[in-house]
Amino acid sequence: MFSFVLRRLASAVLVMFSISVMVFLIFFATPGVNPAARIAGRSASPQVLAQVSAEFGLNRPLPVRYGLMMWHLFFKQDLTSYVNIGVKVIPQITGAAPVTLSLVLGAAVIWLVVGVLGGLVAAANRGRWIDPLIMFGGIAAVSIPVFWLGQVVGLLTQTKFHSVFRWLPGSGYVSFTQSPGQWALHLLLPWLTLATLYAGVYARVLRAELVNAMNEDYVRTARAKGLSERRILMRHALRCSLISVVSLFGLDFGSLVGGAALLTEVVFGLPGIGMLTDTSLQNLDLPVIMACVMYGAFFIVAASAVVDVLYAVLDPRVRVVK
Amino acid sequence: MRDLSVSFATRQGVVRAVDGLSLDVAAREVVGIVGESGSGKSVAMYSMLGLVRDANATISGSVVFEGREILGLPDKEMQPLRGGQIGMIFQDPMTALTPVFSVGWQIVEQIRQHTDMTKGQAKARAIELLAEVGIPDARRRVDSFPHEFSGGMRQRVVIAMALSCNPRLLIADEPTTALDVTTQAQILELMGRLRDTHGSSIVIITHDMGVIAEMADRVTVMYAGRPVESGPEVDVVRAPRHPYTWGLLGAVPRLGERSERLATIPGNVMSPLEVPEGCAFAPRCEYAMAQCAQRPALTGTGHQHACWLGEEQRVAIRSDGKGAP
């Protein structure tokens, strides 16, 4: 098991390295594009272009350029934006990451609890009225666009029913270290909004997995062993069904933390990674874009590595030692 | 078991999967149920234990286990019987165990469900059982997962599990079908030995007459959900009376006999929707006659059969060398 974890982490590092190389090549070695002009932004003066060339070693060989870029990105952390002159890139990322992490972590807890409970209750009550009811709720939750739901929720709580929701703060973000209570209050609606979609997906996926599992031969064996239906569902079927839920969760979590929570962030005015990527794209702020892409990719890789380890904990068949 | 019938309502009509099956199993007796795939053998056993969970199924008849009617008991009352008094072995050991739990855990789970043993005691018992069914190095293997065993070894695990609570009755549903031939012989031998040591009665479901000859004291031959012949193993195998049994026995290839091709029964088991009013086997029977349009009853004492052929006709046919052996 330990060697499995080590090997998985090593391969994650390798993947991250490859991603950094690829991202670098896309930005700096695309034929016909002058990276200096791109980095310097629109209508830059020749002096600025020269400064960019010197800083990124643009007249030096490709591997050196890659090294310099990584040096600025990860070790010296002094990559600066030329669009918003003088603003360092890395602090922007490290400032935005906790916002996104807070948003996604909280939402993940909500959607996992609601999704797993919904899936379990629906599967346990197959053929009764509650099963289609939950599944309909699931499909409705999946179908509501986040931007619409977010706007409507914001609108209702801030205007029409503001007297009832007086205790809810407006949009924006308060860091956890500043005030945990305000942090949670500010994030409550974003959490619920983001979790709605995923809770629906997870409830439906888990129910389908459970229903499949309950038709498996091992469930028949479990019944022949004299176990109660409840125990069969909760121990045997759920344990096997969780495997696919966990792999789904890893992908969703990674991509959300990597910037896919953009819509929720924009609707609720949360200055997270998604928002940062969005503004840097609009300004064509290349260093920031590159850092965001790198950050997003790394999070997805890290999340999938964690998922694989979890997978091995859940499913002994994965723990193959070569 | 008296007159057990199981039918399923389908879109195309009612399917009578089991039609009037009666069976007696005495203590320490091995009873075989033989028939082709789809003849209702397994469904009969599953419905007996309440394992047929289909809203469209109708089950009737009577199953008395140790003086108590168990057919149609609610789940709560069946659970102590299942796995406790009645153990079950399944056809495909590759899928019969939950893949994510160790075999020891799964055996312990069953023992703890039916007894007051502590975890430690149950684990010790699991190791004992695994050793008993011939799993080498049981102390270490008890923590292995199902995928770390071969098919034959997994079937041994399933058998160990079925025996864990010393059941009075063991139901084996084609326990050797999914295994290769040498493993089959080992598993059969193991089951025979365990019958002697544990004193359980065994109902063995199979389509292999060889297994019957090896294991069973008494046999019931089923065709299309109906019993067609039933009696002591020696009588049914040595002096079969029903043309279907002749076919089944003739289909067992033997060493030293060369023939152009393997003997078969012409045709397939019909769709369960098309079972005729009369004798179910008539459409495939070489000796079918007008009378076969009426359903023959299972007649005789001891060795019973459901066929309109008279004693003389049977003797005449068999002395022609037909209906081998």
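What you see is a predicted model; the values in this text were computed from it and never measured.

(A) Highlighting the sheet that holds strand β11 (residues 226-232) of chain B. All names here are of chain B. Pairing is mixed across the open sheet formed by 7 strands, whose spatial order is β7-β8-β9-β3-β10-β11-β12. Two strands bound the open sheet, and with one partner strand each, they are β7 (86-89) and β12 (304-305). Across 5 bridges, the pairing between strand β3 (residues 30-34) and strand β9 (residues 201-206) is parallel. By the bridge assignment, glycine 32 is partnered in β9 with isoleucine 204. Its contacts with the sheet put helix α6 (residues 151-163) on β7 and β8 (169-173), and the angle it makes with β7 is roughly 170°. Seen against the sheet, helix α10 (residues 243-250) touches β3, β10 (218-223) and β11 and runs at an angle of roughly 105° to β10.

(B) Molecular detail of the sheet that holds strand β2 (residues 13-21) of chain B. Residues and elements named next belong to chain B. Strands sit in the order β2-β1-β4 across an open sheet of 3 strands; the sheet is antiparallel. Of all the strands in the sheet, just β2 and β4 (57-62) have a single pairing partner and so form its edges. Sheet twist, expressed as the average angle between the axes of neighbouring strands with direction ignored, equals 10°. Here strand β1 (residues 2-10) runs beside β2; their pairing, made up of 6 bridges, is antiparallel. In the sheet register, leucine 4 faces β2, and the bridge partner there is leucine 21.

(C) Layout of the interface of chain A and chain B. Taken together, the contact pairs 22 residues of chain A with 27 residues of chain B. Interface of chain A and chain B: buried area, both sides summed, is about 2,300 Å²; carbon and sulfur atoms make up 59% of it. Put simply, chain A and chain B have 3 salt bridges between them. Measuring nitrogen to oxygen at the nearest pair gives 2.8 Å for the salt bridge that ties lysine 225 of chain A to glutamate 109 of chain B. Here the side of chain A that touches chain B is built from residues that sort into 7 nonpolar, 4 polar and 11 charged.

(D) Fine view of the packing of aromatic side chains. Residue and element names in this part refer to chain A. Under the defined criterion, the tally for this structure stands at 18 aromatic pairs over all chains. Their ring planes at 80° and their centres at 5.4 Å tell us that phenylalanine 24 and tyrosine 66 sit as a pair that is edge-to-face. One end of the pair, phenylalanine 24, is in helix α1 (residues 2-28); the other, tyrosine 66, is in helix α4 (residues 62-75), with 42 residues separating them in the sequence. Using a relative accessible area of 3% as the deciding quantity, one classes phenylalanine 24 as buried. Looking at tyrosine 66, the relative accessible area reads 15%, which means it is buried.

(E) Summary view of the packing of helix α5 (residues 89-124) of chain A against helix α13 (residues 286-314) of chain A. Residue and element names in this part refer to chain A. The N-to-C vectors of α5 and α13 enclose an angle of 40°; their axes lie 10 Å apart at closest approach. If you check the angle between α5 and α13, you find them oblique. Between α5 and α13 the crossing geometry is right-handed. Of the residues in α13, those touching α5 at Val89, Gln92, Ile93, Ala97 and Leu101 are Pro287, Val288, Ala291, Cys292, Tyr295 and Phe299. Of the residues assigned to the contact of α5 with α13, the class counts are 10 nonpolar, 1 polar and no charged.

(F) Representation of helix α3 (residues 103-114) of chain B. Taking 1.5 Å as the rise per residue, α3 of chain B with 12 residues should run 16 Å; its terminal C-alpha atoms sit 17 Å apart, in good agreement. Buried within α3 of chain B we find Val103, Gly104, Gln106, Ile107, Val108, Glu109, Gln110 and Ile111 of chain B. Of the surrounding elements, those touching the buried residues of α3 of chain B are α10 (229-260) of chain A together with α4 (119-132), α5 (138-141) and α6 of chain B.

Conventions adopted
- Residues numbered from 1 in each chain as written.
- Chains lettered and ligands numbered in written order.
- Predicted model: local features only at pLDDT ≥ 70, side-chain atom pairs only at ≥ 80, totals over all residues.
- Heavy atoms only, no water.
- Pairing = 2+ DSSP bridges.
- Helix = DSSP H or I, 4+ residues; strand = E, 2+ residues; numbered from the N terminus.
- Contact = heavy atoms within 4.5 Å.
- Axes fitted to C-alpha atoms, helices over the stretch in contact; angles between N-to-C directions.
- Buried area = accessible area lost by both parts, 1.4 Å probe.
- Salt bridge = Lys/Arg side-chain N within 4 Å of Asp/Glu carboxyl O.
- Nonpolar A, V, L, I, M, F, W, Y, C, P; charged D, E, K, R; others polar.
- Phe/Tyr/Trp six-rings, centres within 6.5 Å; stacked < 30°, edge-to-face > 60°.
- Buried < 20%, exposed > 50% of the residue type's maximum accessible area, 1.4 Å probe, protein only.
- Parallel < 35°, antiparallel > 145°, perpendicular 65-115°, else oblique.
- Left-handed = near helix turned anticlockwise from the far one by under 90°.
- Expected span 1.5 Å × (residues − 1).

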